[in-house]
Structure formats: structure tokens, C-alpha cells
Amino acid sequence: MIIELLGPPGAGKGTQAKTLAERLHLPHISTGDMLRQNVSQGTDLGKQAKAFMEKGALVPDELLTAMLANRLDQADLKNGFILDGYPRTIPQAEILDKLLNDRRRSIDIVVYLDASEPVVIQRLCGRLVCSKCGLNFHKTNMPPKKDGICDVCGASLYTRADDKEETIRKRLDVYLKETSGLISFYEKKKKLHRVSADDSSETVLETIIRLAKNAYDTSKV
Ligand code: AMP
């Protein structure tokens, strides 16, 4: 089962993808996480991607496609995966279709996490991320039990370089201009399922699991 999560920054794609991956025993692919890892390891890709990411701009496809293609060839994806943060443009959706098609695979469902602007700005402004396991916390909505420390693995929490108010606005702008067109792209393909991301993360998770199970059962019919 291949599940794609779509939605504005701050809609909860990363948080949902991680929990969903655990519940469905599927790997989580986040192009943002892969890029951040390249930046922190100082790879050539990371060096080139860094400036785009810090501005809240999209990293060009020339840099991204090979990274994604390599990931799609890894054996752990044989039963499926949860894709978060890719595609972000219609050309990327076409690249993804081709990459999957070449591997005789296709997306099963696209879940659009529909969140309102005030909610996403509030979430991103207080977001804290675990430096080791990647779990997200929030300064007021979901504070860690111990200040600056991940409840689960005990590593330190940090604020992402692009979670500054000015960069958040730029990322939302990029989303509206470049990414929101994907909603009708996948609607036309009859793959899109809308879920209100303003609800609690537990409610959102259960809704996505139900959608995934329905799609799985339908594919067996
Ligand atoms: P995310 O963690 O998904 O919010 O991504 C963080 C940043 O990584 C984005 O603001 C972009 O600069 C870059 N990025 C992640 N995924 C993509 C993508 N599919 N296309 C272009 N840039 C991306």
C-alpha cells in the first residue's frame, strides 16, 4: 500500500506519517527529512539544497529526483510506504508517477490534510523536533515532559531553521502557488481523500487508517 500525504506545512503530515508508519508497519519517506539529513551530513546535495530550504523555497527537481529514485529502489519498500512532502508540484507528481510506473507500482490513496492558515501558523511557530527520533512536540500544544528533551528517546529538541515566522509565510505562499494544484490533480485521478487536519491528531490518524483499510479491502475485491 502506497499512501501519499498532501497538505500545507504545519498540517501535521510528518506527525501523522510517523504514527501511521508504525501502525501500518510501513516505512515513512519524507523528502524534507532526507534533505535535512543531507544538510547535516554536509553532502554535495545537502550543500546545494541548504540555501533553498533556509529561504522556504522548493529544492529544484534536478537535485531531488535522483535522491527519491534511489530511495524507491530500496528493498524495505516492498510492502508499500507512506510518502510525506513529495510531490509538491504537478511536474513532481508526474515524475513520481513515472518512477512508480517504471517499478510497476502506483499510489493507492492520497490523503489531503486540510488545515486552516491560523492553525498551521500557530503549530509551526511553536514546533520542536527531536534531533534523534524526529518526533514533533509543541511549546504550548504538546510540550515535552522535560524542557528541551524528547519524551520517547531522551535526545535534545530543536527548532527547525525554517520555522521562523517570515520563512513560514514564504512556505505557505509556495504551497498556495505550487502545491495546492495537486488537490485537483489527484481529485481527477479519483485518488484524493480530504481529512480535516484541524481535528485532534488522534482523530486524524484514525480517519486515515480507516481510509487506508477501505482502499486495501477494495483493492482485494
Ligand atoms: P518539509 O520537511 O516537508 O517541510 O520540507 C522542508 C523543506 O525541504 C521545504 O521547505 C523545501 O525547501 C525542501 N523540500 C522538501 N520536499 C521537497 C520537495 N518535494 N520539493 C522541493 N523541495 C522540497
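Definitions and limits used
Per chain, residue numbering runs from 1 following the sequence as it is written. Totals for whole chains, interfaces and linings use all residues, but because this is a predicted model, local features are given only for residues with pLDDT of at least 70 and pairs of side-chain atoms are given and counted only at 80 or more. Only hydrogens and water are set aside when side-chain values are computed; all heavy atoms of the structure are taken into account. Numbering goes from the N terminus for both helices and strands, where a helix is a DSSP run of H or I of at least four residues and a strand is a run of E of at least two. The classification of residues rests on relative accessible area computed with a 1.4 Å probe and restricted to protein chains. Under 20% of the type maximum is buried, over 50% is exposed, and intermediate values are partly exposed. Strands were regarded as paired on the criterion that DSSP finds at least two bridges between them. Salt bridge, as applied in this entry: a Lys or Arg side-chain nitrogen positioned within 4 Å of an Asp or Glu carboxyl oxygen. Angles run from 0 to 180 degrees between N-to-C directions of axes, and those axes are lines fitted to C-alpha atoms, restricted for helices to the stretch in contact. Note on contacts: a residue pair qualifies if any of its non-hydrogen atoms lie within 4.5 Å across the two residues. Directions from the helix axis toward the C-beta atoms define the arc. Near, as used in this document, describes a residue that has one of its heavy atoms within 4 Å of the molecule or strand being considered. Nitrogen and oxygen atoms within 3.5 Å of one another constitute a polar contact, given that in protein one can donate a hydrogen and the other can accept it, and given that sequence-neighbouring residues count only through two side-chain atoms. For accessible areas, the Shrake-Rupley method is used with a probe of radius 1.4 Å. Any residue's cover is judged against the shown protein chains and nothing else. In this count, Pro and Cys sit with the nonpolar residues alongside Ala, Val, Leu, Ile, Met, Phe, Trp and Tyr, while Asp, Glu, Lys and Arg are called charged and the others, Gly among them, polar.

Engineer: I'm lost on unusual backbone geometry in this one. Help?
Structural biologist: Leaving glycine out, the prevailing phi sign among residues is negative, and the prevailing peptide bond configuration is trans. Residue Y86 is joined to P87 through a cis peptide bond whose omega torsion reads 0°. Within the fold, P87 resides in the loop between strand 3 (81–84) and helix 5 (90–102). Here the phi dihedral of R104 falls at roughly 55°; this positive angle occurs in a residue that is not glycine. Following the sequence through the fold, R104 ends up in the loop between helix 5 and strand 4 (109–114). A relative accessible area of 81% places R104 in the exposed class. Phi angles above zero are rare outside glycine, and K190 is one such case at about 60°.

Engineer: For this particular structure, what's the right way to read the pairing of strand 1 (residues 2–6)?
Structural biologist: Remember that side chains alternate between the two faces of the sheet whenever the strand is regular. With 5 of 5 residues buried, strand 1 is to be regarded as a mostly interior element. Because side chains alternate across strand 1, one face comprises the buried residues I2, E4 and L6, and the other comprises I3 and L5, equally buried. Where strand 1 meets strand 3, 4 bridges bridge the pair, whose relative direction is parallel. Counted as the bridge partner of I2 is F81 from strand 3.

Engineer: Looking at this structure, I do not really get the pattern of salt bridges. What am I missing?
Structural biologist: Two side chains bearing opposite charge may form a pair once their charged atoms approach each other closely. By the definition in use, this model includes 16 salt bridges. The partner of D163 in a salt bridge is R171, and the shortest N-O contact between them spans 2.9 Å. There is no split in this pair, since D163 and R171 are both buried. Within this structure, R127, R160, D162, D163 and R171 form a network of salt bridges that share partners.

Engineer: I'm lost on the sheet that holds strand 2 (residues 28–30) in this one. Help?
Structural biologist: The strands making up a sheet associate through backbone hydrogen bonding, with each pair oriented either parallel or antiparallel. Strand order in the open sheet made by the 5 strands is 2-3-1-4-8, with parallel pairing throughout. Edge positions in the sheet fall to strand 2 and strand 8 (192–196), since each of these pairs with one other strand and no more. Strand-to-strand twist of the sheet, defined as the mean angle between neighbouring strand axes without regard to direction, takes the value 25°. In the sheet, strand 4 pairs with strand 8 via 5 bridges, with the strands oriented parallel. Residue pairing in the sheet places V110 in a bridge with L192 of strand 8. On top of the sheet, helix 2 (residues 31–41) reaches strand 2 and strand 3; it is set at about 65° to strand 2, its chief contact.

Engineer: What is the right way to read helix 3 (residues 44–55) from this model?
Structural biologist: One turn of an α-helix holds 3.6 residues; hence residues three or four places apart share an orientation. Buried within helix 3 are the following residues: L45, G46, A49 and M53. Buried residues of helix 3, seen end-on, are gathered within an arc of 75° and therefore sit on one face of the element. Turned more than 90 degrees away from the buried face of helix 3 sit D44, K47 and K55, all of them exposed. The inward-facing, buried residues of helix 3 abut helix 2 and helix 4 (61–72). Looking one or two places after helix 3, you find G56, whose phi comes out positive at around 85°.

Engineer: Hey, could you run me through the environment of I209 in this one?
Structural biologist: By the element assignment, I209 lies in helix 9 (residues 201–220). On the basis of relative accessible area, I209 is assigned to the buried category, the value being 5%. When the C-alpha positions of I209 and Q16 are compared, they lie 10 Å apart, and in sequence the two are 193 residues distant.

Engineer: How should I be thinking about the site of the ligand in this particular structure?
Structural biologist: Inspection of the region around the ligand gives 16 residues, with T31, A57, G85, R88 and Q92 positioned closest. Interatomic distance of 2.6 Å between a backbone N/O atom of A57 and an oxygen atom of the ligand. The side chain of R88 places a nitrogen or oxygen atom 2.9 Å from a nitrogen atom of the ligand. Burial of the ligand by the protein chains amounts to 96% of its free accessible area of 480 Å². With 4 residues, helix 2 is the largest single contributor of residues to the shell around the ligand. Considering only residue class, the shell around the ligand consists of 7 nonpolar, 4 polar and 5 charged.

Engineer: I tried to follow helix 2 on my own but got confused; where do I start?
Structural biologist: Turning to helix 2, its buried residues number three or more, namely T31, G32, M34, L35 and N38. The arc that holds every buried residue of helix 2, seen down its axis, measures 165°, which confines them to one face. Of the residues in helix 2, the exposed ones pointing more than 90 degrees away from the buried face are S40 and Q41. The positive-phi residue at the C-terminal boundary of helix 2 is G42, with phi of around 70°.

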